[in-house]
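A look at the structure
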Amino acid sequence: MKNTDEPLFDEGDIKDGSGATAHRAVRERIQQLADEQPYAVLCVQGEGQPYGALVAFAFSEDLRHAVFVTPVATRKYRLLSECDHVALVIDNRPNKPDELMEIEAVTVTGRSQMIERGGEFDQWAELLVTRHPYLKSFVKAATCALFRVDVVRFLHVARFQEVNQWIPSAHS
Amino acid sequence: MDSERPLLIPLDAPGHWDEQIVGGKAAKLAQLACGGFDVPRGFCLTTWAYQTFVQDAGITAAIRMELGRKSMDDMRWEEIWDAALRIRATFLAQPLTRLLRETVAAGLRGFDTSTPLAVRSSAIGEDSAGRSFAGLHESFIGVRGRQAVEDAVRLVWASLWSDAALLYRKELGLDPAHSRMAVLVQEMIYADRSGVAFARDPRDIGKEHAVIESVPGPCSLLVDGVVDPDHWELDRKTHGIIAWLPGQRDDAEDDAPLLESRELEHILETLLSVEQLFGWSPDMEWTGRSDALTVLQARPITAAALDEDEKRTWCLTLRPGDARLKQLRKRVAEQLIPELEAAGQALAAEELNLLDDQQLADTIVQRSAALANWKKIYWEDFIPFAHGVRRLAMYYNDAVQAEDPYQFVGLLRNQPLVAKQRNNAIGQLAQQLAANDVLRSAVERLLAQCAGSLHWPTFRDSLMRIADGAENFLRGFDALNERFLDIVYDQERLHDQPEPMLRNLIELSRAPYASLGDESVAGVSVAALEKRLLDAVGPERRDEALDVIETGRVSWKLRDDDNLLVARLESQLLRALDVAAKRLRAVGRLSGEVHPNDAHVEPLVRALREPTTCPVTLELVAKVRPKDLSKAPPGETPRQLIGQPASPGVATGAVRCIHGRGDLGKFRQGEVLVCDAIQPTMTHLVPLAGAIVERRGGMLIHGAIIARELGIPCVNGVRNAAEILKNGTLVTVDGHLGIVTVGAAEFDLELGVECI
C-alpha cells in the first residue's frame, strides 16, 4: 500500500496567482526580466582583474543577442578589447530585504564583439535606441563603441535559490 | 504610549470598537461591555502591539522567507504544517520588548497573579457575517502569571500563521507585510453551565426559532466537541420551548434538562438584546445562568454551508485535540493494530491449495472486504492519529522553546518499528555475506546469470551446491521473506520477488550497515530530552507531558507500522488471486500474462463460481507512473532545485530514481536516492544512499527521520524530483540549505566546447 499519510492533493489544487507565475516557462520569465529592466550589470575581466559596470541594454527578439554601448576611454572598453568572455546580470530587486523571495535575477553568459560602423551597425544601434531613445546621440558619437553579446546561456534565479538554465541555441 | 497607535485598550473603554485595531472578537465584546452586557473583564493587546513585535523582531522577513521558499501551490499539508511550526518557533524565540512587557504588565495590574486568564485570538475579519474562520487561530485558557501570559500572547500571534490559517490564506487575505492580530486577555469565568446560543436556527435562518445548547462546565467542552450538549429550540416571539433534545452524556446524574425554563428565557432575552444592539442575528457563547449570565463571544450567524474544498476541510480534521488523540491512542494501539496484525497472520497461515473453487472464491471475497475495511480504518483512525507526533512537537516546543523546532524528534528514537526490525534482519544477512567472500561471490555470480528472471528453487539449489554457509544464509533469507516481505509494493508481492532484495544485500554487504534508530547516533539522548521537557513543564504538568510523549511515540510507531501491516493484508489478497489465476490457467480458461491484482477480484471470483468453461480475461491495469517531464521546453534545464533541508550534510553522487519495484534491486552504494517518497517498504536502501531527494516534503516523514538518524543529507519537498532528475545525472545534495544542484559548475559552453 502506498504510504498515504498525507492529503493527496491533485497537482494544481489550492491554486492562486503566485503559483501560476511560479510555473511559467523559464524562457518566458527571462523575457519578462529583459523587457522590464532597462539596465544590467556588465561583467568583464582582464589583467587578472574582474570588473563590473552598469549598462543600458536591449535584447533581440529571440534573446540570442544583447547590445550595449560604451565610450572607448573606459575600463570596460579596454577589458572587452582584450577578452570577449562576458556576463550580464539583470534583476528586479526592490531594495527591501523583506522582499528577497520575490526577487528574480538572470545571469547571461556569452561572447561579446564590437560592431564596426557600417554593415549591421545601424540595425543593432536601432535595437538599443528604440529601447533607450535618450542614448541616440550617445550611440552615434565617434568615441562610443557598440557591442553585441552573443548569448550562450541564461541562468535564471527565483525564490532566492531556485535556479534554471536556458540555452537559446538549443531552442528551435 | 503613542495615543494614535495604542498597544493596549481595556475592554470596557468606550468607543474602541475599530476592528482594524482590536480585531473582530474584541470589537464586539467591547461594544457589548459598553452596552451594559456582562462580559469577562480584561484588555486587548491591539494589532499595533503585534506590528511592533514583528517589526522589532524581524519576523516579517522570516515569514516571507518561510512562505516564499517554494510556491505554496506545491506545498502539501505536511509541508504547510512544517512551515507553520517554524514560524511558531520564530515567534517563541523572540522575547517581548521592554515596552510590550510593560504594556502586558499594565494590563495585568487589575488581576491577582493567581487569577486564571483566557488569552484569545482576535483577528481582523475572523468573525465577519460572510464567513466564520472559527478554529483557525489559537486561544489559551487557564493562563496564570505574567510570563505565562506573555508566552500565550506570542503563541496567539503565531497562530495568525497556523497551518489551518495558511490553508485558508487566500480567503483570509494573509500577507506577511500587512496581516495583523489582536489578542484578548480576559478573566476566566467558571460556572456550572455554559453553552452556545443562536438567535435564529442556523440550519433554517428563515424560521422564527432560536437555538440554545448547554453543557455542564466550561464552554470549551461544547466547542471542542468533548461533551454532548442539551439542545433547545425556542420560539423567538412567545419564548416558549418548542423542542428539547437531551445530550448523550455517560456521567449524567439524572435525566433532567440542564437549564430551567426561566434560565432559558433569560438567555433568549439576552440573545435578542444582543441582536438589537448589533442589528444582526448573533451566534453567542455564554457561561453562567440567570443573573450570573456572562457573554463570552458574539458573532453573526454564518450559514452552515459546506466548504467547497473538501480536502481542506479534511485537513482540518487532521488536528484532533488531546481528548480525541487519547481516545484514538487507546483504540489504535490496544485494539486496531493487534487486530490488523492478527488478521494478516491468520490469512498468511491459510493453506489456499486445500480449498475448492467455491471456497477459494469465498476467501477472495472475504479478503477483499477485509482490505477495504482496513483501508477505511486507515483513513478514519490511523491518519488522524498520526497527529500525535505533531502534537508532541508543539507541546515540546512551547515548553522547551528549543532553537531547533525538530529537537523533539530525538524523543521518538528507539521505537520498535516493524521496519526497523526488518532492517535489522536485513543487516544481519548482509553481514553474513560480508563475512563470507565465497558465499557473496556465489550469490553475485548466480544473480548475474539469471539477470532479472531469477527462479528461486534453482537459485537455492545452486547456491547450496557451490557455497559453504549457504544453508544458514538461505534460512535467514526465508525467515526475512516470510516475516517482513510478505507485503505488496508497487501492486506486486515482494515475497515472490527475491531478486531485488538479494541485490540489495550484496550492496549492503559492501557498506558499513548502520542500525536504524540506534541510541548511539549523535545527538542528545532520549532520556536527556525527556528530562528537558519535564523540567520545562514542572511537576504539576509532569503526567500530562508524559502522556503527550507516549501518544507521540505510539503515533510515530503506528505511522510506519500501519502501512506495512495493511500491505501485508493486501499481499494475502494477491496471494489468493494468484492461486485463482493459476487454477484457471491450468484448465485453459485464463490466458495471457496479466498478473492479477485487486482490480481483478470480481472476474476471478465469478469465474471460480461459474461451473462453466467460459474463458476469463483480465484487463491490464496500468500502473501509475510518473508523468514524463523530459519534454521541458528545449534548452531549459534545472540547475538548482529547492526543497526543505530535511537532514544536514552535503554529498555529490549519481541519481538513481526509484519509481517502482523494478528499481529497488538496481540501487548501488553511494548513489543519490531520488523518489516520490521513501516508503516503509524501502527504508533499507537508505543506509546505502549517498544522499536522498524526495518529492514529498515534510520534516516528519520516514525518509527525513531516517536520514537524520544516519547522518545522510536529505532534501525533500522538491517539486517533481523523480521526474526531473534522470538516472546517472550528477547532483550535489545540500541538506543544510535544502538545495539540489544539478551537474557541475562548468563554463565549457562559453569556451565553445559542446557539453550537453
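Rules and cut-offs
Residues numbered from 1 in each chain as written. Chains lettered and ligands numbered in written order. Predicted model: local features only at pLDDT ≥ 70, side-chain atom pairs only at ≥ 80, totals over all residues. Helix = DSSP H or I, 4+ residues; strand = E, 2+ residues; numbered from the N terminus. Buried ≥ 20, exposed ≤ 12 C-beta atoms within 10 Å, placed from the backbone. Contact = placed C-beta atoms within 7 Å. Expected span 1.5 Å × (residues − 1). Arc of directions from axis to C-beta. Core = buried A, V, L, I, M, F, W, Y, C linked by C-beta atoms within 7 Å. Axes fitted to C-alpha atoms, helices over the stretch in contact; angles between N-to-C directions. Left-handed = near helix turned anticlockwise from the far one by under 90°. Nonpolar A, V, L, I, M, F, W, Y, C, P; charged D, E, K, R; others polar. Pairing = 2+ DSSP bridges. pLDDT = per-residue confidence, 0-100. Domains from an automatic or database assignment. Parallel < 35°, antiparallel > 145°, perpendicular 65-115°, else oblique.

This part is about the overall build of chain B. Summing up its helical and strand segments, chain B has 25 helices and 21 strands in all. The principal-axis extent of the C-alpha atoms belonging to chain B is close to 95 × 75 × 55 Å. Per-residue burial over chain B gives 46% buried out of 756 residues. The contacts of chain B with a sequence gap of at least 6 include a subset with a gap of at least 24, amounting to 70%.

The next thing to look at is the overall build of chain A. Looking only at helices and strands, chain A features five helices and eight strands. Listed by position from the N terminus, the elements making up chain A come as α-α-β-β-β-β-α-β-β-α-α-β-β. Out of the 172 residues belonging to chain A, those deemed buried represent 31%. Expressed as a percentage of contacts within chain A between residues at least 6 apart in sequence, the contacts between residues at least 24 apart total 67%.

Moving on to helix 18 (residues 470-484) of chain B. Residue and element names in this part refer to chain B. Given a rise of 1.5 Å per residue, 15 residues ought to cover 21 Å, and the 20 Å separating the end C-alpha atoms of helix 18 matches this to within 8%. The set of residues buried in helix 18 consists of A470, F473, F477 and F484. Down the axis of helix 18, the smallest arc covering the buried residues is 100°, so these residues share one side. Of the exposed residues in helix 18, the ones pointing more than 90 degrees away from its buried face are E471, R475, A479 and E482. Against helix 15 (418-434), helix 16 (437-450) and helix 17 (456-466) lie the buried residues of helix 18.

Take the nonpolar core next. With 212 residues, the main nonpolar core has B:V119, B:W157, B:V183, B:V674, B:I692 and B:V693 as its most contacted residues. No other element matches helix 21 (residues 542-586) of chain B, which puts 18 residues into this core. Core analysis: the second largest hydrophobic core is formed by 34 residues, A:F57, A:A87, A:V129 and A:A145 among them.

Time to look at the packing of helix 16 of chain B against helix 17 of chain B. A pair of packed helices is captured by two measures, namely the crossing angle of their axes and the spacing between those axes. Residue and element names in this part refer to chain B. Between helix 16 and helix 17, whose axes approach to 10 Å, the crossing angle comes to 145°. Where helix 16 crosses over helix 17, the two elements pack in a sense that is right-handed. Contact residues: A442, V443, L446 and C450 in helix 16; F459, S462, L463 and I466 in helix 17. When grouped by side-chain class, the residues that make up the contact of helix 16 with helix 17 number seven nonpolar, one polar and no charged.

Residue and element names in this part refer to chain B. Strand order in this open sheet of five strands is 1-2-5-3-4, and the pairing throughout is antiparallel. Single-partner strands in this sheet number two, and they are strand 1 (8-10) and strand 4 (140-143). Going across the sheet, the axis of each strand differs from the next one's by a mean of 25°, ignoring polarity. Across the sheet, helix 5 (residues 98-108) is in contact with strand 1, strand 2 (42-45) and strand 5 (181-187); its angle to strand 1 comes to roughly 10°.

Residue and element names in this part refer to chain B. Spatially, 9-8-7-6-10-11 is the arrangement adopted by the six strands of the open sheet, whose pairing is antiparallel. Looking along the sheet, the strands with just one partner apiece sit at the ends: strand 9 (241-245) and strand 11 (294-300). If you compare each strand with its neighbour and ignore which way they point, the axes differ by 15° on average. The pairing of strand 6 (residues 193-198) with strand 7 (residues 209-216) spans six bridges and is antiparallel. Bridge pairing in strand 7 links V196 to E213.

Next up on the list: the pairing of strand 6 of chain B. Residues and elements named next belong to chain B. When you tally the buried positions in strand 6, you get five out of six residues, the bulk of the element. As judged from the five bridges shared by strand 6 and strand 10 (residues 282-287), these two strands associate in the antiparallel manner. Across the sheet, F198 pairs through a bridge with D283, a residue of strand 10.

Residue and element names in this part refer to chain B. This prediction gives chain B a mean pLDDT of 88; 92% of its residues lie at or above 70. A low-confidence stretch, residues 516-521 (pLDDT under 50), is modelled with 15 contacts involving residues beyond four sequence positions or located in other chains. Both confidence scores are given for the complex: pTM 0.83, ipTM 0.81.

This part covers unusual backbone geometry. Across residues other than glycine, the phi torsion is negative in most instances, and most of the peptide bonds are trans. One non-glycine residue, A:E47, lies in positive phi territory at about 55°. Assignment of secondary structure puts A:E47 in the loop between strand 1 (39-46) and strand 2 (49-56). The phi torsion at B:D490 lies on the positive side, around 60°, for a residue other than glycine.

On to the environment of B:E19, then. All names here are of chain B. The topology assignment puts E19 in helix 1 (residues 19-34). According to the C-beta neighbour criterion, E19 is buried, with 20 such atoms within 10 Å. Residues E19 and L85 lie 66 residues apart in sequence; the distance between their C-alpha atoms is 27 Å. When residues no more than four places from it in sequence are discounted, the contact partners of E19 are G24, A27 and I124.

Turning our eyes to something else, we now look at the confidence of the model for chain A. Averaged over chain A, the pLDDT score is 86; the fraction of residues at 70 or greater is 85%. This stretch, residues 1-22 of chain A, has a pLDDT under 50; its non-local contacts, to residues over four places away or in other chains, come to 35 contacts.

Residue and element names in this part refer to chain B. Assignment of secondary structure puts R575 in helix 21. Taking C-alpha positions, R575 is 22 Å from F459, a pair spaced 116 residues apart along the chain. Among residues more than four places away in sequence, those in contact with R575 are L352 and R493.

Residues and elements named next belong to chain B. One can read the domain layout of chain B as domain 1 (8-187), domain 2 (193-301), domain 3 (328-414 + 523-609), domain 4 (418-510) and domain 5 (640-742). Just the C-alpha atoms count here: the centres of domain 1 and domain 3 sit 39 Å apart. With eight residues of domain 1 in contact, the opposing surface of domain 3 contributes seven residues. At seven residues, helix 4 (residues 77-93) tops the list of elements feeding residues into the side of domain 1 that touches domain 3. Residues belonging to the side of domain 1 that touches domain 3 are distributed by class as follows: six nonpolar, no polar and two charged.

All names here are of chain B. With their axes 8 Å apart at the nearest point, helix 17 and helix 18 run at an angle of 150° to one another. Of the possible angle classes, the one that applies to helix 17 and helix 18 is roughly antiparallel. Taking contact as the criterion, the partners of R460, L463 and M464 in helix 17 are, on helix 18, A470, E471 and L474. In the contact of helix 17 with helix 18, the residues fall into four nonpolar, no polar and two charged.

It is worth spelling out the environment of B:Q366 at this point. In this structure, B:Q366 sits in helix 13 (residues 357-385). In this structure the C-alpha to C-alpha distance between B:Q366 and B:L573, which are 207 residues apart in sequence, comes to 9.0 Å.

All names here are of chain B. For strand 5, the tally of buried residues reaches six of seven residues, placing the bulk of the element in the interior. When strand 3 (residues 117-123) meets strand 5, the two strands line up antiparallel, connected through seven bridges. Along strand 5, the bridge assignment pairs V119 with V185.

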